[in-house]
Amino acid sequence: MFEYAPAPESRDIVHIRPSYGLFIDGEFTDAKETIKTIDPATEEVLAEVGSAGPEEVDLAVRAARTAFETVWGPMPGRERAKYLYRIARIIQERSRELAVLESLDNGKPIRESRDVDLPLVAAHFFYYAGWADKLAHAGYGTKPLGVAGQVIPWNFPLLMLAWKIAPALATGNTVVLKPAETTPLTALVFADICRQADLPPGVVNIITGAGETGRLLVSHDGIDKVAFTGSTEVGRQIARSVAGTSKRLTLELGGKAANVVFDDAPLDQAVEGIVNGIFFNQGQVCCAGSRLLVQEPVAEEVLARLRTRMATLRVGDPLDKNTDIGAINSAVQLQRIRDLSEVGEQEGAERWAPPCELPEKGFWFPPTVFTGVSQAHRIAREEIFGPVLSVLTFRTPEEAIEKANNTPYGLSAGVWSEKGSRILWAAQRLRAGVVWANTFNTFDPASPFGGYQESGFGREGGRHGLEAYLEH
Amino acid sequence: MVPTFTLPQLPGVDQVGAEERAARLATRSIKTTAKAQAIDLAITMVDLTTLEGADTPGKVRALCAKAAHPGGDAPRVAAVCVYPDLVATAVRALHGTGIGVASVATAFPSGRAPLEAKLIDTRLAVEDGATEIDMVIDRGAFLSGDLQKVYDEIVAIKSECRQAHLKVILETGELVTYDNVRKASWLAMLAGADFIKTSTGKVSPAATLPVTLVMLEAVRDFRAEQGRQVGVKAAGGIRTAKDAIRYLVLVNETAGPDWLTPQWFRLGASSLLNDLLMQRQKLSTGAYSGPDYVTLD
C-alpha cells in the first residue's frame, strides 16, 4: 500500500488576533457584544468577533453614505479601477495566508481554498476592475445606486465577498457587508487589505454578527440595494422586508441541481464531474449537483465507477494538502445533513458510503450516495447542503429534462454527453441559471451566475453582474 | 488461424476532463516517509534504457553495471532496455542479478518494416535471451482505420515472444486523441499484450500524465471485464523524482494499489534513475550531495 504521509500546510503564515472589532469608516471599532468563531475541524475557538447591534449598523451605513456622496460616487471610473486592481494584487500576494485562514474558519480543504477560492477571488476583482471605466459600454447606464447592504453565506466566505464587493465598487457604490456568523475571519482580513490598498474610509464597511445583524442591515432605511446569498428561507424574509421600499434586491438562494448523465457520456470524466459536483466543498454549495440523473443503460456502470472513485476520496484535516473532503462548517449544518440522510433511509432509499475514518472532534460527514431514489423522496426535493448524492434514473432524454426541471429550484444543471446536438438540446430546455456541459462547478468571473424560481433572481458575474448595481 | 476481434463499445474520453483530473492528481503532496517509500518503489520500476544509434557493447555493459549497482543500499531496477543486437551483451552483463533484459523489437521506433522483418527481429531478440519485448504498433494502419491489421501483428509478435513478456508501445504522441489511446489500449490488450506502453521516447510528446491516466483506466476496466491484469509502462520524458512520484500517485488512485509493483507498472527512462538516487540520498542525509556523487553511465 502507498500511504500518503501527512502533508499539512503550515498555519504559521496566519496571525489570528484574539478579538476583532467591526470595520467601520476605515477603522476597527470594538462592538458592544461579541460572538466566537471556531475551527469546525477541531471545535477550537479561533477568535472573538463583534456582533453589530442597531447603533453600529447605523454607523456603518452612515459611513458608507458619506463615502458614497463625497468620494467614491464622484470618483471617475478609471480611478476606482486603480483601487480594485490594487486590491486584486494584494489578494494574490496574501493568497496563502487567506487560503489557510479560510480553511481554518470554514473547514474546507486547503487544496480547494488554495486552488479554487483564492484564484477566483483575485480574478473577480481583476475582472470588475476592468469594467469600472467602461460602464458606458455595458448597456446598463453608468449611475450607481448608492449604498449596498450585502449579506453573504459561510460556504465560500471570501469568494462570496468578492462576488458582492467587486461589482458594487466598480460601479461606484459603497458597501456594508455582513459575513456569515461562522466564517467572519477572511472578511476581516479583507478589511485590512482595504486599508493596505488605501481605499478611502467608508467605501467598504464590514460588520460581523449573526442573523439579527443581517436583518438590521437589510431593513435599514439608509441603504439603496440589498444583495443576499444564502438560504431560500432567509431570502423570503428579506424579500418581505424589502417589499414596498425603493430598495433594489438580488437574491442567490438554494438549489437542487440535476447532473444528467446520458448513455453516450464520457463515463470516467462524468464520474469525476459527479464527484466534483457533490463533494466539492463537502457539498455545501448552492449549485451542487445533488441529484444525479443517469440513463438506465449505463446506470450500473456509472454507479460502480462512482463507488470505486469515492473510495479514493480522502476525508480529514482541512489543512492537509492531500485532503479531498474537509469538515462540515457547523454543528447545526451537520445535524441537518444527518437528519435528512436518516429521512432518506426511512423513505426507502439505499445508503452507501465508503469506509472512512472520521476524526473524533469536529463536524464530519462521510461522502454518501443514495440509490433507488425517486422524485417523491425528500432527499430528491430538499436541499441537503452536504456531501450526500441522490441517484435517480431515466429512460429517454425527454424524461431526463422533465425530472431535472421538476423542482422548485433552478440554479444549475449539468449535462454529460459526447453528442454536441444533445447537449445544446438539453441546455435549452433545462430551467437553470447555469448549465454545465461535460463539466460541473466550473466558475469564471466573466460568466453570469444566478437562479430561476426559488433559487433567486438577479445575476452575479460577467457584464450581467453590473446591472444590479446601476440605475437604469 | 488468426482470431478476428471486435472492439467493445468504449465510452469516449473528454479531453478537458481527463487533463483536469491528471493535473489535480499532480498536486498531491508526497512527503517524508511516503516520499522515501515512493522513491524506492520508483527505482524498482525503472526500465533503465539506452536506445541510441551510438550504443556500443561498452555503453550497454556500463548501463548494466549501473543497474546492478545503483549505489548504497538502493534497490535494483526492474530491467535494462536495449536494441535487439545488444541483447546478448546485456544478458551476459546481467547474468545472476535477477534484472530483466527488455528489447525494443519490430523495427523500433517507426515500425515501418514488413511483418516478416518484425517477426525475425523479435525472434532473434528472444533467442538472445530478452525477457521482455517492447514492440511498436503500426500507427499508420491504426490511423487509416485498419485495426484488424494492428491486431493481427500484435498476435503474431506475441506468438514469437514465447516466455518473454510483450509490451505493446502505442506511441500515443502519434495517436494524438485520448479516444485513440483508449481504443488502441483495448486493442492491444485483446491481442494479448502483457503490458501497454505509452511511447518510444523518439516522438514528442512522449509519456504524459493524462495519456497514462487513460491507459490506467483501460487496464482497470479490462481486468474488471475480462479478468486479466495487464501492466502499464510510461516511457519518455520522465526525468525527475517528482515526475516519477506523480506517476505513482496516478497509478495508486486510478488503477489502484494492485498495479503498484514492478510486475504491473514500469517507468521507461534513462536519466530518471540518477535523480531518484540523488533524492534518496537527500532524504537519508538531509543534504544534496550533488551530481558528482551519483555515477554517470
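Worth saying up front: this structure is predicted, and the values here are computed from it rather than measured. (Residues numbered from 1 in each chain as written. Chains lettered and ligands numbered in written order. Predicted model: local features only at pLDDT ≥ 70, side-chain atom pairs only at ≥ 80, totals over all residues. Heavy atoms only, no water.)

Chemist: Which residues make up the sheet that holds strand β13 (residues 291-295) of chain A, and what are the values?
Modeler: Residue and element names in this part refer to chain A. Sheet architecture is open: 7 strands sit in the order β14-β15-β16-β13-β12-β17-β18, paired in mixed fashion. In the strand order of this sheet, the two ends are held by β14 (350-352) and β18 (434-437), each with one partner. Adjacent strand axes in the sheet meet at a mean angle of 20° when their direction is disregarded. Looking at chain direction, strand β15 (residues 368-371) and strand β16 (residues 388-394) are connected through 3 bridges and run parallel. From the neighbouring strand, Val369 faces β16, where its bridge partner is Leu389. (Pairing = 2+ DSSP bridges. Helix = DSSP H or I, 4+ residues; strand = E, 2+ residues; numbered from the N terminus. Axes fitted to C-alpha atoms, helices over the stretch in contact; angles between N-to-C directions.)

Chemist: Residues and numbers for the domain arrangement of chain A, please.
Modeler: By a widespread convention, an interface's size corresponds to the accessible area lost as its parts come together. Residue and element names in this part refer to chain A. The domains assigned to chain A are domain 1 (19-253 + 452-471) and domain 2 (258-437). Between domain 1 and domain 2, the C-alpha centre-to-centre distance is 30 Å. Listed per partner, the contact involves 31 residues of domain 1 and 33 residues of domain 2. With both chains or domains summed, domain 1 and domain 2 bury close to 2,700 Å², and 56% of this area falls on carbon and sulfur atoms. For the salt bridge of Arg111 with Asp324, the shortest nitrogen-to-oxygen distance reads 3.3 Å. One can count 16 residue pairs in polar contact (both at pLDDT 80 or more) joining domain 1 with domain 2. Elements represented by at least two residues in the side of domain 1 that touches domain 2 include exactly α3 (95-106) and α4 (110-131). The residue makeup of the side of domain 1 that touches domain 2, split by class, is 12 nonpolar, 10 polar and 9 charged. (Domains from an automatic or database assignment. Contact = heavy atoms within 4.5 Å. Buried area = accessible area lost by both parts, 1.4 Å probe. Salt bridge = Lys/Arg side-chain N within 4 Å of Asp/Glu carboxyl O. Polar contact = N/O pair within 3.5 Å; in protein donor to acceptor, adjacent residues only side chain to side chain. Nonpolar A, V, L, I, M, F, W, Y, C, P; charged D, E, K, R; others polar.)

Chemist: With reference to specific residues and values, describe the packing of helix α5 (residues 115-127) of chain B against helix α7 (residues 147-161) of chain B.
Modeler: In a packed pair of helices, the relevant descriptors are the angle between the two axes and the axis-to-axis distance. All names here are of chain B. Put simply, α5 and α7 touch, their axes get as near as 9 Å, and they point 25° apart. Taken as axis vectors, α5 and α7 run roughly parallel relative to one another. For the pair α5 and α7, the crossing hand works out as right-handed. For the pair α5 and α7, the contacting residues are Leu115, Lys118, Leu119, Thr122, Arg123 and Val126 in the first and Glu153, Ala156, Ile157, Glu160 and Cys161 in the second. Among the residues making up the contact of α5 with α7, the classes are represented as 6 nonpolar, 1 polar and 4 charged. (Parallel < 35°, antiparallel > 145°, perpendicular 65-115°, else oblique. Left-handed = near helix turned anticlockwise from the far one by under 90°.)

Chemist: Lay out the interface of chain B and chain A with the relevant residues and their values.
Modeler: The interface is formed by 29 residues belonging to chain B together with 25 residues belonging to chain A. Across the chain B/chain A interface, buried area totals approximately 2,300 Å², and carbon plus sulfur atoms make up 46% of it. Interface area lost by chain B to chain A is led by B:Asp14, B:Arg24 and B:Arg28, which between them contribute 23%. On inspection of chain B and its partner chain A, the count reaches 5 salt bridges. The salt bridge involving B:Arg28 is made with A:Asp324; its shortest N-O contact spans 2.9 Å.

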